Amino acid sequence: MTPKVSPRTVIEALLPAAGAVALGVVYDTANLAGIADQPLRLALRRAIGAGQITQTGRGRSGQISLTAEGHLALERDRQALRLLSAQDAGVAPWDGEWHLYSLSAPERERAVRDAFRREMRSLGAVTCATGLYVTPHDLDELLSPATEPYVVAATAHTFVVRGLRDPRAIAAKLWPAADTMPAYVTLAQEVELLRQEPNLTLRRLYLADALERAVREDPLIPAELRTEAWSPVEIRRAWRECWNAAGDAAEGAGPELFAGWDLDDSAAQ
């Protein structure tokens, strides 16, 4: 297994919450990770086209910074990571409520309808009936400004789906563990491999990309809704140990990565 990192991860790793980062630093870091200039330029163009970053200047002498939309996107990612950290620390119990979401938008608003479906899937919600999504999490503050005006939302303490009433049985049906585990098996293998990576900048970039790929497949179902011990908790703990060790050792050396992205257990206390 060869460690890998996407151009997007490199860009997001170097973007500060406020201010700009020199593109020379972005290119140098990407090259260090084995990413050629052309794929990085393509990722930059996509981010600019999506309205998430702005660029001043050209080439390596330019700079990039986050837009308001880019800030929102990264904040959503960080909220998911804070939830993950809190769940692992046992301080984010399920409140017993199911959250239901649907969309009230005319057929001509195809872009809004498509965006809503993508948004629900990316936030771990699943369909329980035609056009109706369910999740154990309150997603209200994570809805994008484009879709929020069209959303119909409700909460329920009693929820029956496909004849199932027990919350754990419902979760097992709608969010099967088998859909999530393969990504964590890969993450566990990558963590063990990356413990030996001598370059601490690369180690953190690889670790961040590996976790992002695993969490992308994880709806972050509360522990109360799992029917058995959830091994990803231990895998993420091993990831966090490796991440923190690399960060402590690299302090003051190399470019600053993931400023404000604190995933140690104390962040969940």
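Given the structure is predicted, the values throughout are model-derived calculations rather than measurements.

How each quantity is defined
Sequence order as written defines residue numbering, which begins from 1 separately in each chain. Per-residue local features are limited, in this predicted model, to residues with pLDDT of at least 70; the limit for side-chain atom pairs, both in listing and counting, is 80 or more; totals at the level of whole chains, interfaces and linings are taken over all residues. Remark: hydrogens and water are excluded; side-chain values derive from all non-hydrogen atoms of the structure. Joining through side-chain atoms within 4.5 Å is the link that ties buried Ala, Val, Leu, Ile, Met, Phe, Trp, Tyr and Cys residues into a set, and such a set is a nonpolar core. Buried means the residue's accessible area, taken with a 1.4 Å probe over protein chains only, is under 20% of the maximum for its type, while exposed means over 50%, and partly exposed covers the values in between. Counting from the N terminus, the helices are the DSSP runs of H or I reaching at least four residues and the strands are the DSSP runs of E reaching at least two. Any pair of residues with heavy atoms lying within 4.5 Å of one another is described as a contacting pair. Counted as a polar contact is a pair of N or O atoms within 3.5 Å, where, for protein atoms, one must be capable of donating a hydrogen and the other of accepting one, and residues adjacent in sequence contribute only when both atoms are in side chains. To estimate how far a helix should extend, the number of its residues minus one is multiplied by 1.5 Å. Here, the arc refers to the directions that run from the helix axis to the C-beta atoms. Per-residue confidence from the prediction method is given by pLDDT, with values spanning 0 to 100. Any two rings among Phe, Tyr and Trp, with Trp reduced to its six-membered ring, count as a pair given centres within 6.5 Å; such a pair is stacked if its planes are under 30 degrees apart, edge-to-face if over 60, and tilted if neither. Throughout this description, the term charge over a ring refers to an Arg CZ or Lys NZ atom that lies within 6 Å of the ring centre and within 35 degrees of the ring normal. If DSSP finds at least two bridges between two strands, the strands pair. The axes are straight lines fitted to the C-alpha atoms, using for helices just the contacting stretch, and the angles between their N-to-C directions are given from 0 to 180°.

A. Region of interest: the nonpolar core. One finds Ile11, Val26, Leu40, Leu44, Ile64 and Leu187 to be the most contacted residues of the largest nonpolar core, which totals 44 residues. Listing elements by their share of this core, those giving two or more residues are helix H1 (7-14), helix H2 (23-32), helix H3 (37-49), strand S3 (63-66), helix H4 (68-88), helix H7 (177-194), helix H8 (200-216) and helix H9 (232-250). Ranked by the residues each element gives to this core, the list is headed by H8, at nine residues. Not counting the four nearest positions on each side in its chain, leucine 44 is found in contact with Ile11, Leu23, Tyr27, Ile53 and Ile64. Core analysis: the second largest hydrophobic core is formed by 15 residues, Trp98, Val161, Trp175 and Leu225 among them.

B. Summary view of the side chain of histidine 137. On the secondary structure map, histidine 137 appears in the loop between strand S6 (132-135) and strand S7 (151-156). The exposure class of histidine 137 is buried, given its relative accessible area of 13%. At a separation of 2.6 Å, a polar atom in the side chain of histidine 137 contacts the main-chain carbonyl oxygen of leucine 220. Apart from residues lying up to four places away in sequence, histidine 137 is in contact with Leu83, Gln87, His99, Tyr101, Pro219, Leu220, Ile221 and Pro222.

C. Up close: H7. Taking 1.5 Å per residue, 18 residues should reach 26 Å; H7 reaches 26 Å between its end C-alpha atoms and fits that length. By the burial criterion, the buried members of H7 are Thr180, Ala183, Tyr184, Leu187, Glu190, Val191 and Leu194. Buried residues of H7 fall within an arc of 115° about the axis and therefore sit on the same side.

D. Molecular detail of the environment of glycine 70. Assignment of secondary structure puts glycine 70 in helix H4. In sequence terms glycine 70 and glutamate 241 are 171 residues apart; their C-alpha atoms lie 29 Å from each other. Other than its neighbours up to four places away in sequence, glycine 70 contacts Gly51 and Gln52.

E. Molecular detail of the environment of valine 126. Mapping valine 126 onto the fold places it in strand S5 (residues 126-129). In contact with valine 126, not counting residues within four places along its chain, are Leu132, Tyr133, Val134, Leu174 and Trp175.

F. Structural detail: the confidence of the model for the protein. Summary statistics for the protein give a mean pLDDT of 89 and a share of 94% for residues scoring 70 or more. This stretch, residues 263-269, has a pLDDT under 50; its non-local contacts, to residues over four places away or in other chains, come to 17 contacts.

G. Here's a closer look at the side chain of arginine 236. Its location among the elements puts arginine 236 in helix H9. Residues in contact with arginine 236, not counting those within four places in the same chain, are Leu84, Asp88, Tyr184 and Asp218.

H. Spatial organisation of unusual backbone geometry. The phi torsion at arginine 162 lies on the positive side, around 55°, for a residue other than glycine. The topology assignment puts arginine 162 in the loop between S7 and helix H6 (167-174). Phi is positive for leucine 220, which is not a glycine, with a value near 55°.

I. Expanded view of the packing of aromatic side chains. Inspection of the entire model under this criterion finds five aromatic pairs. For the pair tryptophan 98 and tryptophan 175, a centre-to-centre distance of 6.3 Å together with 0° between the ring planes defines the contact as stacked. Here the residue tryptophan 98 occupies a position in strand S4 (residues 98-103), and tryptophan 175 occupies one in the loop between H6 and H7, the gap between them amounting to 77 residues. Comparing tryptophan 98 with tryptophan 175 shows no difference in burial state: the two are buried. Put simply, the rings of Trp94, Trp98, Phe159 and Trp175 touch in pairs and so form one group of aromatic residues. The ring of tryptophan 243 has arginine 204 lying over it, and the distance from NZ or CZ to the ring centre is 4.0 Å. The cationic tip of arginine 226 hangs over the ring face of tryptophan 230; the distance from NZ or CZ to the ring centre is 4.0 Å.

J. Spatial organisation of the sheet that holds strand S1 (residues 20-22). Here we have three strands laid out as an open sheet, ordered S1-S3-S2, and antiparallel in their pairing. Either end of the sheet is taken by a strand with one partner, and the two such strands are S1 and strand S2 (53-56). Neighbouring strand axes in the sheet, compared pairwise and without regard to direction, differ in orientation by 25° on average. Judged from the four bridges that link them, S2 and S3 form a sheet pairing that is antiparallel. Note on S3: the bridge partner recorded for glutamine 55 is isoleucine 64.

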